[in-house]
Amino acid sequence: MASVTLTTLRTRVRERADMVGSSFVSDAATGLDAWINEGNQKLHGMLVEAMGEEYVSSSTSLTTVAGTGTYAMPSGFYKLYGVDLTYQGDTYSLRPYMRAERAAYTQDEMVLRGPPRYSIVGGNLKLLPTPQIVMS
């Protein structure tokens, strides 16, 4: 399917609303663009509901930095299905941690409890305990 530019969408909306050349509704983020984005979000939700969550699934990779436990999610992030960690050739499916558990994990406990756990905080993936080694 060919992509459609925002300029083309604006033109199509104004044609359908019989508002070509009108400045009654601005193109700004609080005007026409906001309605276009809202419609896009609703369409996206309907497609996911009708076709299943895998309809829009994708994956990404990252390598940890020693001493860093928070990593930005990729642009366009919608929902997290899971986190897999590869360390020394072995792959582990990480488990999420709940907010009440956030203080329970320290680096020393990683040896006892296994791989770190994760949580989505805002637009970031947070690993606990904070890895002190490089992992991917």
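Source: prediction; values computed, not measured.

### As for the side chain of D33
- Here D33 is to be found in helix α2 (residues 32–51).
- Ignoring anything within four residues of it in the chain, the contact list for D33 reads L6, R10, D27 and A28.

### What to know about the sheet that holds strand β4 (residues 117–121)
- In space, the three strands of this open sheet follow the order β1-β5-β4, with antiparallel pairing throughout. What marks the edges here is a single partner per strand, and that holds for β1 (70–72) and β4. Direction aside, the axes of adjacent strands within the sheet are offset by 25 degrees on average.
- Two strands pair when backbone bridges link them, and β4 and strand β5 (residues 124–128) are joined in this way by five bridges, in the antiparallel orientation. When the sheet's bridge partners are listed, V121 is paired in β5 with N124.

### Here we look at the pattern of salt bridges
- Under the criterion given, the structure shown has three salt bridges.
- Notably, a salt bridge pairs D27 with R14, separated by 2.8 Å at the nearest N-O pair. Here the residue D27 occupies a position in the loop between α1 (6–16) and α2, and R14 occupies one in helix α1, the gap between them amounting to 13 residues.
- Classification of D27 as partly exposed rests on a relative accessible area of 32%.
- For R14, a relative accessible area of 14% gives the class buried.
- Between K42 and E38 there is a salt bridge, and its shortest N-O distance comes to 3.3 Å. Here the residue K42 and the residue E38 both occupy positions in helix α2, the gap between them amounting to four residues, near one helical turn.
- Looking at K42, the relative accessible area reads 52%, which means it is exposed.
- On the accessibility criterion, E38 (38% relative accessible area) is partly exposed.

### Considerations on the pairing of β5
- Note that β1 and β5 share three bridges and pair antiparallel. Residue pairing for β5: Y71 is matched across the bridge by L125.
- From the end of β4 to the start of β5, which pair antiparallel, there are two residues, and G122 there has a positive phi angle of about 65 degrees.

### As for the packing of α1 against α2
- Close contact between α1 and α2 brings their axes to 11 Å; oriented N to C, the two are set at 100 degrees. Regarding the angle of α1 to α2, the classification is roughly perpendicular. Where α1 abuts α2, its residues L6, L9, R10, V13 and R14 lie against L32, D33 and I36.
- Across the contact of α1 with α2, the residue classes tally to five nonpolar, no polar and three charged.

Definitions and limits used
- Residues numbered from 1 in each chain as written.
- Predicted model: local features only at pLDDT ≥ 70, side-chain atom pairs only at ≥ 80, totals over all residues.
- Heavy atoms only, no water.
- Helix = DSSP H or I, 4+ residues; strand = E, 2+ residues; numbered from the N terminus.
- Contact = heavy atoms within 4.5 Å.
- Pairing = 2+ DSSP bridges.
- Axes fitted to C-alpha atoms, helices over the stretch in contact; angles between N-to-C directions.
- Salt bridge = Lys/Arg side-chain N within 4 Å of Asp/Glu carboxyl O.
- Buried < 20%, exposed > 50% of the residue type's maximum accessible area, 1.4 Å probe, protein only.
- Parallel < 35°, antiparallel > 145°, perpendicular 65-115°, else oblique.
- Nonpolar A, V, L, I, M, F, W, Y, C, P; charged D, E, K, R; others polar.

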